[in-house]
Amino acid sequence: MSPTRSRARSAPDYNIFKENIRFSGHVMASSIDLLTKINDEFLTCQICFETYTRPKSLNCQHTFCLKCLEEYNPPNNKVVVCPTCRSEQPLTVEGINGLKDNFFISSMSDMLKTVKEIRSEDKDGTSLMCDTCDHDNRKAAISRCLDCTDFLCSECSIWHIRTKLTRRHKIVSLTEFESGMHNQELKSRAKIYCMIHDGEAAKIYCQSCQCPICHECVECGHARHRRCSLKEEVLNQGRQIENLLKTAKEKTGVLRTLQSTLKEIKITKKKERDQAEAEIEKTCEIFINAIHRRKQELVDELHNMHASEVKHINADEDSVEMQLSSLVSCTEFSRKVLEYGTPKEVLGLNNQMTQILHQLLETHPAMKYHKTEQTDVILFDTNPDASVRVIRDNLGRLNRQEAAFDENTNKVLRQLDSFCATESGAIERRNGQRAITQRAESTAETRLLVQLGKQGIGDGEFESTPNLAVNSVNEIITADFDGAKIQIFDPQGNFKDSFVTEVNKRMCKPAGIAILNNDDIAVCCEDQVHIWTHEGKGVLGFGKGFFGNCSSIAVNADNHLVVADVGKHCVSVHTNTGKLITQFGAQGKGESKLIEPRYVACDSLNNIIVSDGGDCSIKKFSAQGEFLLSFGSEGPENGQFQGPRGICADEHDNILVADCWNHRVDLFTQDGCFLRHIATGADSLHFPWCLALTSNGKMVLSEDYSWSVKMFELPGRISSTGNVSYTSFVHERNRSACYSHFIILHRF
């Protein structure tokens, strides 16, 4: 997703003319179809979308108007960032004005304008005016001089061929000129004038300085330099360009074939994915059916066991009821005999009644419950973790297996390899000119190095998804909210030490965590911020009554604490002693508003970067809280998020974002332009939460649901010393985002 700051769309042009060359004529293709061969986009600035005015060319070969670049580039900036490909180019003391003029674009624009005016003469009554008439009495032009490129009226045409200085010039009618019949002659008559000696034609080429010079220049400093005629050098360079164009044409065909091949590969990959997905569905269905069958077996067994128990209980109930009835009946009869019977009757029934009562009193109606305090309980005995492991281990696994390309694909790849540069990555050109360097994107992949911790309460284990930070010696410091403790791991991921977050005999729940310049540990604890030493000794706490629910904390270059308060939907900046410096943000959607500021980070300029999970965006503010930019929206596409979580900035102020539900970490420029995915599910990344970068180019992040910490080795570019540098890789990505697989031709 594009950032709210505007970006120019891509329209590359190719400036192959030298900055110190000034043309008196115009090099053009067949002007009879010039209007159809040159599209308007080629001659249109992609910032203002108007025809170029004073076109300036960048090293990346993109061209823009001088005024547009001056308005686009911040004042006093020492570099200019290409609006199209985001590559950086250092500026001289002259600033934007010191960039190379694109004479080719200027020349083509002038030619296109001229041809349009000639063609429109009969349509709307307009016409070209004579260049040599008096300014107040200019007449319509009917011809043009091929040597001095002036448009001439009928009278000036006559005088032009009579004047001694211009007698040998060739004059053609505008109709002939527009038809293109004099193109070759026009090119042959075009002159290059010396930039030092005004008016002197440059007919010599200094091979040492690589610039055209006049005869006077030879005596002024080029006498001992290697020289040749300008015509010879033009032919030589023309042949070189023709060879390059021929090779480029061949490679274009190969690339088009590869493009079609890649589309076919994508189709094949989709079929493979669909087939694997169908197999997964089928296997899962088998497991699900087996689980349902087992479920029914267990339920049936449970019901049978229950029915048996109920049957015995019912029998015991009947026995109790019978004994109760007999006891009540016997008791009432005996009471009546005692109350109303004669002595003779009492004596007559005494033995019989006594025997019955003794029997009823001494007999237990349900022997199962005689002299016991326990009963049988039906329980479901299971091991959920083991069940999950059984399913996980036996359901199947996804594996990558090497498979050979078909012969057609291999043929295309071999053809493409034949165009690539040598192992040194460069092809040395003749005549001492600058080497043509191939920029090739590193093929290194993000690689999981180690996974720390799991769910648990022991050392190196977590009771909740940990937040984390990295200190000056690349130790990993984690904050466990439910476990109420800080744990320290060495740079290799081994558990080292821990301490509980207890203040005044009260357990604090640690959330966000950051490291101060002296390696003290600053921790967000719900409504307060506490600082502990590396050994766990309390330093200070602040914010009671000020914070609502502080969720994340960062330390800027000035050692100030930046705290995100998700409860109050704001961000505040404090000194390392807790004194408030500034506060900004309010609940809602908008540039300076925040819905759920869950994570916060700072770049090298003390700009504050906020991960707002409420509207799936990243917002950037100045150190004073002024809104700078916002990027991102909800979705699965590049530049979109589904649950942005942790963020951090690298040494070039590029922004890394943990996108939880998209299972990836994305890399953006400091202006919020999407560059690439740093890690995805294919790199064993799932539900990324909090992240940090180490000084040796590794990425450390925590994962939700697995309650663990993972350390990744990031893709890098092999430097001249043989070391892999992530930061230089990212910087190079910015410089060559649009040309990572192309050979760029430079000239001085």
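Values in this document were obtained by computation on a predicted structure and should not be read as measured data.

About the thresholds
- Residues numbered from 1 in each chain as written.
- Predicted model: local features only at pLDDT ≥ 70, side-chain atom pairs only at ≥ 80, totals over all residues.
- Heavy atoms only, no water.
- Helix = DSSP H or I, 4+ residues; strand = E, 2+ residues; numbered from the N terminus.
- Buried < 20%, exposed > 50% of the residue type's maximum accessible area, 1.4 Å probe, protein only.
- Contact = heavy atoms within 4.5 Å.
- Areas by Shrake-Rupley, 256 points an atom, 1.4 Å probe, with all protein chains shown as cover.
- Pairing = 2+ DSSP bridges.
- Salt bridge = Lys/Arg side-chain N within 4 Å of Asp/Glu carboxyl O.
- Core = buried A, V, L, I, M, F, W, Y, C linked by side-chain atoms within 4.5 Å.
- Axes fitted to C-alpha atoms, helices over the stretch in contact; angles between N-to-C directions.
- Left-handed = near helix turned anticlockwise from the far one by under 90°.
- Nonpolar A, V, L, I, M, F, W, Y, C, P; charged D, E, K, R; others polar.
- Polar contact = N/O pair within 3.5 Å; in protein donor to acceptor, adjacent residues only side chain to side chain.
- pLDDT = per-residue confidence, 0-100.
- Arc of directions from axis to C-beta.

K.L.:
So what exactly am I meant to see when it comes to the overall build of the protein chain here?
P.N.:
Of the regular secondary structure elements, the protein chain holds 13 helices and 43 strands. Among the 748 residues that make up the protein chain, the fraction classed as buried is 41%. Across the protein chain, contacts joining residues at least 24 apart in sequence account for 49% of those joining residues at least 6 apart. Surface summary for the protein chain: the accessible area is close to 43000 Å², and the carbon and sulfur share equals 51%.

K.L.:
Just checking my understanding: could you explain the pairing of strand S32 (residues 608-612) for this structure?
P.N.:
Successive side chains on a regular strand alternate, one facing one side of the sheet and the next facing the other. By the criterion of burial, S32 is predominantly enclosed, with five of the five residues buried. Going residue by residue along S32, you find Ile608, Val610 and Asp612 tucked away on one face and Ile609 and Ser611 tucked away on the opposite face as well. With five bridges connecting them, strand S31 (residues 597-602) and S32 associate as antiparallel partners. In the strand pairing of S32, cysteine 602 is matched with isoleucine 608. Bridge count between S32 and strand S33 (residues 617-621): five bridges; the pairing is antiparallel. By the bridge assignment, isoleucine 608 is partnered in S33 with phenylalanine 621. Between S32 and S33, which pair antiparallel one after the other, the connecting turn spans four residues, and cysteine 616 there sits at a positive phi close to 50°.

K.L.:
Sorry if this is basic, but what is going on with the pairing of strand S29 (residues 570-574) here?
P.N.:
In terms of residue burial, S29 counts as a mostly covered element, since five of its five residues are buried. Here strand S28 (residues 561-565) pairs with S29 via five bridges, running antiparallel. Directly across from valine 563, in S29, lies its bridge partner serine 572. Counted between consecutive antiparallel strands, the loop separating S28 from S29 contains four residues, among which histidine 569 sits at a positive phi close to 55°. Here S29 runs beside strand S30 (residues 580-584); their pairing, made up of four bridges, is antiparallel.

K.L.:
Looking at this structure, how should I read the pattern of salt bridges?
P.N.:
Opposite charge on two side chains lets them pair, provided their charged atoms get close. Inspection of the entire model under this criterion finds 21 salt bridges. With a shortest N-O distance of 4.0 Å, glutamate 461 and lysine 454 are connected by a salt bridge. When the shortest N-O distance is used, the salt bridge between aspartate 659 and arginine 664 registers 3.5 Å. Just as aspartate 659 is buried, arginine 664 falls in that class too. Here the salt bridges do not stand alone but share partners, grouping Arg54, Lys56 and Asp101 into one network.

K.L.:
How should the nonpolar core be read in this particular structure?
P.N.:
The nonpolar side chains of a soluble globular protein tend to be buried with one another. Counting 25 residues, the largest nonpolar core has Ile618, Phe631, Phe641, Ile647 and Val657 as the members making the most contacts within it. Contributions of two or more residues to this core are made by strand S17 (467-470), S31, strand S34 (627-631), strand S36 (655-659), strand S39 (688-693) and strand S41 (708-713). Among the elements that line this core, the one with the most residues is S39, at three residues. Those residues in contact with valine 657 that sit more than four places away from it in its chain are Ile618, Phe641, Pro644, Gly646, Ile647, Arg664, Val665, Asp666, Phe668 and Leu691. Ranked by size, the runner-up nonpolar core spans 18 residues in total, among them Tyr52, Phe64, Cys68 and Cys85.

K.L.:
Looking at this structure, I do not really get the sheet that holds strand S2 (residues 55-57). What am I missing?
P.N.:
What links the strands of a sheet is backbone hydrogen bonding, and the strands pair in either a parallel or an antiparallel sense. Pairing is antiparallel in the open sheet, where three strands are placed in the order S3-S2-S6. Only two strands of the sheet have a single partner each, and these edge strands are strand S3 (63-65) and strand S6 (100-101). Judged from the two bridges that link them, S2 and S6 form a sheet pairing that is antiparallel. Paired with lysine 56 across the strands is aspartate 101, a residue of S6.

K.L.:
Got a minute to help me understand the packing of helix H9 (residues 230-340) against helix H12 (residues 407-419) in this structure?
P.N.:
Relative placement of two packed helices is described by the angle separating their axes and the distance separating the axes. For the pair H9 and H12, the least separation of the axes is 10 Å and the interaxial angle reads 145°. Here the hand of the crossing between H9 and H12 comes out left-handed. On H12, the residues that touch Thr247, Glu250, Lys251, Val254, Leu255, Thr257, Leu258, Thr261 and Ile265 of H9 are Thr409, Val412, Leu413, Gln415, Leu416 and Phe419. Here the contact of H9 with H12 is composed, by residue class, of eight nonpolar, five polar and two charged.

K.L.:
Just to check I follow, could you spell out the side chain of asparagine 467 for this structure?
P.N.:
Mapped onto the secondary structure, asparagine 467 falls in strand S17. A polar contact is formed between the side chain of asparagine 467 and the side chain of tyrosine 599, at a distance of 2.6 Å.

K.L.:
Would you explain the confidence of the model for the protein chain in this entry?
P.N.:
Any region with low pLDDT has predicted coordinates that should not be read closely. Summarising the model, the protein chain shows a mean pLDDT of 80, and 83% of its residues fall at 70 or more. Counting contacts from residues 1-36, a segment whose pLDDT is below 50, to residues more than four positions away or on other chains yields 114 contacts. Taken together, the stretch residues 422-444 has pLDDT below 50 and engages in 52 contacts with residues farther than four places along the chain or on a different chain.

K.L.:
Hey, could you run me through the environment of isoleucine 486 in this one?
P.N.:
Mapped onto the fold, isoleucine 486 is located in strand S19 (residues 485-489). Beyond its immediate stretch of four places on either side in the chain, isoleucine 486 contacts Ile477, Thr478, Ala479, Asp497, Ser498, Phe499, Thr501, Pro510, Ile513, Ile521 and Val523.

K.L.:
Which parts of the structure should I look at to understand helix H5 (residues 154-162)?
P.N.:
The periodicity of an α-helix, 3.6 residues per turn, causes residues three or four places apart in sequence to face the same way. Residues of H5 that are buried include every one of Cys156, Ser157 and His160, and no others. The buried side chains of H5 occupy one side of the element, clustering within an arc of 105° when seen end-on. Residues of H5 that are exposed and angled more than 90 degrees away from the buried face: Trp159 and Arg162. Taken together, the buried residues of H5 touch strand S7 (143-145), strand S8 (151-152) and strand S9 (171-173).

K.L.:
In this structure, what is going on with the sheet that holds strand S26 (residues 538-542)? I would like to understand it.
P.N.:
Read across the sheet, four strands follow the order S23-S24-S25-S26 without closing on themselves; strand pairing throughout is antiparallel. Strand pairing shows two members of the sheet lacking a second neighbour, strand S23 (513-515) and S26, which therefore form its edges. The mean inter-strand angle of the sheet, taken between neighbouring strand axes irrespective of direction, is 20°. Two strands pair when backbone bridges link them, and strand S25 (residues 528-532) and S26 are joined in this way by four bridges, in the antiparallel orientation. From the neighbouring strand, isoleucine 531 faces S26, where its bridge partner is leucine 540.

K.L.:
Explanation requested: unusual backbone geometry in the structure shown.
P.N.:
Outside of glycine, negative phi angles account for most residues, and trans bonds account for most peptide bonds. Despite not being glycine, arginine 86 has its phi angle at roughly 70°, a positive value. Relative to the helices and strands, arginine 86 resides in the loop between strand S4 (79-81) and strand S5 (88-90). A positive phi is found at asparagine 474, a non-glycine position, where the angle reads about 65°. In this fold, asparagine 474 is placed in the loop between S17 and strand S18 (476-480). Here asparagine 474 falls in the buried class, since its relative accessible area comes to 12%.

K.L.:
Looking at this structure, how should I read the environment of alanine 140?
P.N.:
As for its position among the elements, alanine 140 is in the loop between helix H4 (121-124) and S7. Owing to a relative accessible area of 38%, alanine 140 belongs among the partly exposed residues under this scheme. A sequence separation of 13 residues divides alanine 140 from cysteine 153, and the C-alpha atoms of the two residues are 5.7 Å apart.

K.L.:
Got a minute to help me understand the side chain of aspartate 520 in this structure?
P.N.:
Tracing the backbone shows aspartate 520 in the loop between S23 and strand S24 (521-525). The contacts of aspartate 520, once residues within four sequence positions are left out, are Ala514, Ile515, Ile531, Trp532, Thr533, His534 and Val539.

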